[in-house]
Amino acid sequence: MTRPTHKQYSVCFAFITMMLFYKYGVTQINYYIALIIILKAAESGALFPDVDHSWQNVSEKTVPNKIINTLIHITGGSHRSWQTHSWDISIIFTAIAYFLPKYLYYVGKLSVVNYEILSLLLLGFASGWVSHLFSDMLTSAGVKVICFVDFKAKFVPRKLFGLRFNTGHGWEEFNFKVMKVLNVFLAVICIVYPLTVNRHI
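### So, the side chain of Asp88
By secondary structure assignment, the location of Asp88 is in helix 4 (residues 87–106). Despite its burial, Asp88 pairs with no opposite charge; the closest candidate is Lys144, at 8.8 Å N-O. Looking at Asp88, its side chain comes within polar contact range of the side chain of Ser86, at 3.1 Å. In terms of polar contacts, Asp88 uses its side chain to reach the backbone amide nitrogen of Cys147, at 3.0 Å. Once residues within four sequence positions are removed from consideration, Asp88 is found in contact with Val145, Ile146 and Cys147.

Structure, rendered in structure tokens:
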């Protein structure tokens, strides 16, 4: 999938993540403030895996992206490499995103406010990363399940009845349009969600 489609998936996953956070009391920060943080963090997380492109094809040429891109290519990476496009790596990051702020708060390195914000940023980033891998599984290239195993998982075949399930063709355009419509409905649901639950926001 391309950048615009990944952004649409990140929005979808951010809405779902925020509603789950609210339901299970993951954060005490105001719901709507937390939603803004999650949306921005998820967008960054969704675009992060494609930093493994060759540098001239990386859209956001920032210093952190240059460092990450260099490290990926030094370790033998290329586009859809194991460093950014494998489920086990993203799951490990998600676990770190959940437990690291808790640990830092427990040992007194973070105040409760900083703990809450760091948790939202890291978990929002993780949800965006997961959305990227999920959407790439909707292409014929798929993504790795385990970083050092060649097998790639995908939801679609390479071709079916003349339709090609690869990046940048009609299938992606269909995905993009569906996600745009779905996100409008999810936005409405997400905005009114805390008003339907008997909790302080």
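On we go from here.
### Details of the layout of surface pockets
Here the largest pocket is characterised by a volume of approximately 420 Å³. Every residue lining the largest pocket is counted, 22 residues in all, and those nearest its centre are Arg3, Leu47, Phe48, Asp50 and Ser59. Counting residues per element, the ones that place at least two in the lining of the largest pocket are helix 1 (3–23), helix 2 (31–47) and helix 5 (112–136). Considering every element that reaches the lining of the largest pocket, the biggest residue donor is helix 2, with four residues. Partitioning the lining of the largest pocket into residue classes produces six nonpolar, nine polar and seven charged.

### Looking at the environment of Tyr115
Note on placement: Tyr115 falls in helix 5. Look at Tyr115 and you get buried, because its relative accessible area is 13%. Spatially, the C-alpha atoms of Tyr115 and Glu172 are 38 Å apart, while their sequence positions differ by 57 residues. Setting aside anything within four residues of it in sequence, one finds Tyr115 in contact with Pro101, Lys102, Tyr105 and Leu110.

### Quick word on the packing of aromatic side chains
Applying the stated rule across the entire model yields 15 aromatic pairs. For the ring pair Phe48 and Phe125, a centre distance of 5.5 Å and an interplane angle of 50° mean the geometry is tilted. Pair noted here: Phe48 is in the loop between helix 2 and helix 3 (63–74) and Phe125 is in helix 5, with a separation of 77 residues, a long-range link. Taken together through their ring pairs, the aromatic side chains of Tyr9, Phe13, Phe134 and Phe155 make up a single cluster. Positioned above the aromatic ring of Trp55 is the side chain of Lys61, whose terminal nitrogen or guanidinium carbon lies 5.7 Å from the ring centre.

### Description of the pattern of salt bridges
Evaluated as defined, the whole model comprises four salt bridges. Notably, a salt bridge pairs Lys40 with Glu43, separated by 3.4 Å at the nearest N-O pair. With Lys40 and Glu43 both in helix 2 and three residues apart, this pair spans about one turn of that helix. One salt bridge connects Lys144 with Asp150, and the closest N-O pair in it is separated by 3.9 Å. Bridged by salt links that share partners, the residues Lys7, Lys40 and Glu43 form one connected network.

Cut-offs applied
Just so you know, the residues in each chain are numbered from 1, in the order the chain's sequence is written. Per-residue local features are limited, in this predicted model, to residues with pLDDT of at least 70; the limit for side-chain atom pairs, both in listing and counting, is 80 or more; totals at the level of whole chains, interfaces and linings are taken over all residues. With hydrogens and water set aside, each side-chain value is computed from the structure's full complement of heavy atoms. A run of H or I in DSSP becomes a helix once it reaches four residues, and a run of E becomes a strand once it reaches two; helices and strands are each numbered from the N terminus. The classification of residues rests on relative accessible area computed with a 1.4 Å probe and restricted to protein chains. Under 20% of the type maximum is buried, over 50% is exposed, and intermediate values are partly exposed. Charged residues are defined narrowly, with Lys and Arg counted positive, Asp and Glu counted negative, and His plus the chain ends left uncounted. A side-chain nitrogen of Lys or Arg and a carboxyl oxygen of Asp or Glu constitute a salt bridge if their distance falls within 4 Å. Residues adjacent in sequence count toward polar contacts only when both atoms are side-chain atoms; beyond that, a polar contact is any pair of N or O atoms within 3.5 Å, and within protein one must be able to donate a hydrogen and the other to accept it. Note on contacts: a residue pair is in contact if any heavy atoms of the two residues lie within 4.5 Å. The method works on a 1 Å grid over the protein atoms by themselves. A cavity is a set of points holding a 1.4 Å probe that cannot get out, a pocket is an open set with protein on both sides within 12 Å along at least five of seven lines, and residues with an atom within 4 Å of a point line them. Grid points are joined across faces, edges and corners, and a volume is the space filled by probe spheres set on the points. In this classification, the charged set is Asp, Glu, Lys and Arg, the nonpolar set is Ala, Val, Leu, Ile, Met, Phe, Trp, Tyr, Cys and Pro, and all remaining amino acids, among them Gly, are polar. Any Phe, Tyr or Trp ring, taking Trp's six-membered ring, that has another such ring centre within 6.5 Å forms a pair; planes under 30 degrees apart are called stacked, those over 60 apart edge-to-face, and the others tilted. Sitting over a ring, as applied to charges here, requires NZ of Lys or CZ of Arg to be within 6 Å of the ring centre and within 35 degrees of the ring normal.

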